[in-house]
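Descriptive analysis of the structure
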Amino acid sequence: MTEPQFDKTFEPAHGEAVPVATDILRVTAPNAGPLTFHGTNSFIVGGDTLAVIDPGPEDESHWRTLEAAIAGRPVSHIFVTHTHRDHSPLTARLKEKTGATVVAEGPHRAARPLYTGEVNPLKESADMDFVPDIAAGHGHVISGDGWAMETLHTPGHTANHAAFALTGGDTDLVFSGDHVMAWATSIIAPPDGAMSDFMASLDMLLERDDRFYLPGHGGPVKEPRQFVRALKTHRRMRERAVFGRVEKGDRLIADMVKAIYRDTDPRLHGAAALSVLAHLEDLVGRGEVVTDGPPAIHGEYRPA
């Protein structure tokens, strides 16, 4: 496989809890959109005492569905993959109700400082109020009632992105958040995210032998290693496409997006521009492309 075979067959079953593996339920929030697919997936793990992964956005109907799925059982831990507002805001409400311990890589932060005059285009999407009880290091294992969860640092989509590996028995799987999804590639948007971090995180996952992933949007990734290899290839091909446009004389990101993403939904062109910027940041950092000053969304680019 040279390109990932994206799978858009997914039934969100809004308002219901869907069993997806032994002692794992999925509840999909009704926040469908071009960047969220059919909505954000929250997962409930366990039989008697539970863990919840990514409680989701502040949405009353989603909260009621989560409550019904938890069904009065104790919740010992809440794991949060990252602090975008479609994943983490309901954490505070769930913690208040259950007393659960909140686990994440850390609070929201950018992958790098803002340059002079730069505006973070995704500032409003960040949950700046989120603070975990446990800032879990890479490899940190937390055990609960019949389950164990290993933290895997996977920066790229955000600087504080983490995946969580559920280990033991026949449930060797990873809750992959927005890092690896079956339906589409993850947006990498500077300064919140960084392409070099994203690619290094893919390399880390390739060293593992997990059975499947349960992502933050859409259905499962059923053959992770094959899919991640293809995802790496896809990103390298996109990088070469960006470099090719620079070689052909495109100086502005807007012109590169028109050429590279001509078959993409125009609603996603803003996100595509940020992805191109992420590739250009990486190319400038490696000395293949130059620009005046730091890489910027409205900067001009040329071959080194």
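Here the residue index of a chain counts from 1 through its sequence in written order. Per-residue local features are limited, in this predicted model, to residues with pLDDT of at least 70; the limit for side-chain atom pairs, both in listing and counting, is 80 or more; totals at the level of whole chains, interfaces and linings are taken over all residues. Side-chain metrics rest on all non-hydrogen atoms present in the structure, leaving aside hydrogens and water.

Quick notes on the overall build of the protein
Note the threshold: Secondary structure elements are defined from DSSP: runs of H or I of at least 4 residues count as helices, runs of E of at least 2 residues count as strands, and each element is numbered from the N terminus. Within these notes, the globule rule equals 2.2 Å times the number of residues to the 0.38 power, and the radius of gyration is based on C-alpha atoms. Throughout, exposure labels follow a simple rule: accessible area from a 1.4 Å probe, protein chains only, divided by the maximum for the residue type, with under 20% read as buried, over 50% as exposed, and the rest as partly exposed. Two residues qualify as a contact provided that any one of their heavy atoms is within 4.5 Å of a heavy atom in the partner residue. In this count, Lys and Arg are taken as positive residues and Asp and Glu as negative ones, while His and the chain termini are left out. Every charge is mapped onto a representative atom, which is NZ of Lys, CZ of Arg, CG of Asp or CD of Glu.
Tallying secondary structure elements over the protein gives six helices and 14 strands in all. Computed over the C-alpha atoms, the radius of gyration of the protein is 19 Å, within 12% of the 19 Å expected from 2.2 N^0.38 for a compact globule of 304 residues. Here the C-alpha coordinates of the protein stretch approximately 60 × 40 × 35 Å along the principal axes. Looking at the 304 residues of the protein, the share that counts as buried comes to 53%. Taking as baseline every contact in the protein between residues at least 6 positions apart, the subset at least 24 positions apart corresponds to 64%. The protein carries 29 positive and 42 negative side-chain charges, and their two centres are separated by 5 Å.

What about the packing of aromatic side chains?
For any pair of aromatic rings, the description rests on two quantities: the centre-to-centre distance and the angle between the ring planes. Threshold: Classification of ring pairs uses Phe, Tyr and Trp, with its six-membered ring standing for Trp, and accepts pairs whose centres are within 6.5 Å; under 30 degrees between planes counts as stacked, over 60 as edge-to-face, and the remaining range as tilted.
Within this structure, the stated rule accounts for six aromatic pairs. Measuring from ring centre to ring centre gives 5.2 Å for Phe43 and Phe175, while their planes differ by 50 degrees; the resulting arrangement is tilted. Residue Phe43 is found in strand S3 (residues 41-45), and its partner Phe175 is found in strand S11 (residues 173-177); the two are separated by 132 residues along the sequence. The exposure classification of Phe43 matches that of Phe175, with both residues buried.

Here's the deal with the layout of surface pockets
Test applied: Both cavities and pockets are sets of points on a 1 Å grid over the protein atoms alone; in a cavity a 1.4 Å probe fits but cannot get out, in a pocket the set is open with protein on both sides within 12 Å along at least five of seven lines, and lining residues sit with an atom within 4 Å of a point. Grid points are joined across faces, edges and corners, and a volume is the space filled by probe spheres set on the points. When residues are sorted by character, Ala, Val, Leu, Ile, Met, Phe, Trp, Tyr, Cys and Pro go into the nonpolar class, Asp, Glu, Lys and Arg into the charged class, and all the rest, Gly among them, into the polar class.
When its volume is computed, the largest pocket comes out at roughly 830 Å³. Taken together, 32 residues form the lining of the largest pocket, with Leu35, Ala184, Thr185, Ile187 and Leu268 sitting closest to its centre. Elements with a contribution of two residues or more to the lining of the largest pocket: helix H4 (224-247) and helix H6 (269-285). Considering only residue class, the lining of the largest pocket consists of 14 nonpolar, 10 polar and eight charged.

Quick word on the packing of H4 against helix H5 (residues 253-260)
For clarity, the threshold we go by: Inter-axis angles, ranging from 0 to 180 degrees, are taken between N-to-C directions of lines fitted to C-alpha atoms, where helices are fitted over the stretch in contact. Throughout, the term roughly parallel applies to angles under 35 degrees, roughly antiparallel to angles over 145, roughly perpendicular to angles from 65 to 115, and oblique to all others. Crossings are assigned a handedness: left-handed for a near helix turned anticlockwise from the far helix by less than a right angle, right-handed for a clockwise turn.
Close contact between H4 and H5 brings their axes to 10 Å; oriented N to C, the two are set at 120 degrees. Judged by the angle between their axes, H4 and H5 are oblique. When the axes of H4 and H5 are compared, the crossing they make is right-handed. Contacts between H4 and H5 pair Arg238, Ala241, Val242, Arg245 and Val246 from the former with Met256, Ala259 and Ile260 from the latter. Tallied by class, residues from the contact of H4 with H5 come to six nonpolar, no polar and two charged.

Re unusual backbone geometry
Excluding glycine, a negative phi dihedral is what most residues carry, and trans is how most peptide bonds are arranged. A cis geometry characterises the amide bond from Pro190 onward to Pro191, with omega recorded as 5 degrees. Here Pro191 is to be found in the loop between S11 and helix H3 (195-206). For Asp23, which is not a glycine, the phi torsion comes out positive at approximately 60 degrees. Along the chain, Asp23 turns up in the loop between strand S1 (18-21) and strand S2 (24-28).

Observations regarding empty space enclosed by the protein
Over the atoms rolls a probe the size of a water molecule, and in doing so it shows where empty space is left. Inspection of the entire model under this criterion finds one cavity of 30 Å³ or more. Roughly 30 Å³ of volume is contained in the largest cavity. Along its surface, the largest cavity is lined by Asn41, Phe43, Ile53, Asp54, Thr81, Phe175, Gly177, Leu214, Pro215 and Gly216. Every element with two or more residues in the lining of the largest cavity is listed here: S3, S11 and strand S12 (212-215). Of the residues contributing to the lining of the largest cavity, the split by class is five nonpolar, four polar and one charged.

Here's the deal with the pattern of salt bridges
Condition: Salt bridges, as used here, are contacts in which a Lys or Arg side-chain nitrogen is within 4 Å of a carboxyl oxygen on Asp or Glu.
As enumerated under the stated definition, the model contains 19 salt bridges in all. Between Asp265 and Arg267 there is a salt bridge, with its nearest N and O atoms 2.8 Å apart. For the salt bridge of Asp282 with Arg286, the shortest nitrogen-to-oxygen distance reads 3.1 Å. For Asp282, a relative accessible area of 12% puts it in the buried group.

Focus on H5
Formally: Throughout, the arc means the angular range of directions from the helix axis out to the C-beta atoms.
Within H5 the residues assigned to the buried category are Ile253, Met256, Val257, Ala259 and Ile260. Along the long axis of H5, the arc covered by the buried residues comes to 165 degrees, so they all point the same way. On its buried face, H5 is in contact with H4, H6 and strand S14 (301-303).

Re the environment of Ala259
By the secondary structure assignment, Ala259 is in helix H5. Judged by relative accessible area, which is 18%, Ala259 ranks as buried. The spacing of Ala259 and Ala241 is 18 residues in sequence and 9.4 Å in space, taken between C-alpha atoms.

Points about the sheet that holds S11
Note the threshold: Two strands make a pair as long as DSSP finds a minimum of two bridges between them.
What the five strands build is an open sheet, ordered S8-S9-S10-S11-S12; its pairing is mixed. Looking at strand neighbours, the two that pair on one side only are strand S8 (141-143) and S12, the edges of this open sheet. Pairs of neighbouring strands in the sheet enclose a mean axial angle of 25 degrees, with direction left out of account. Pairing analysis gives three bridges linking strand S10 (residues 162-167) to S11, with the strands arranged antiparallel. Bridging from a neighbouring strand, Phe164 pairs with Phe175 of S11.

By themselves these figures say nothing about function.
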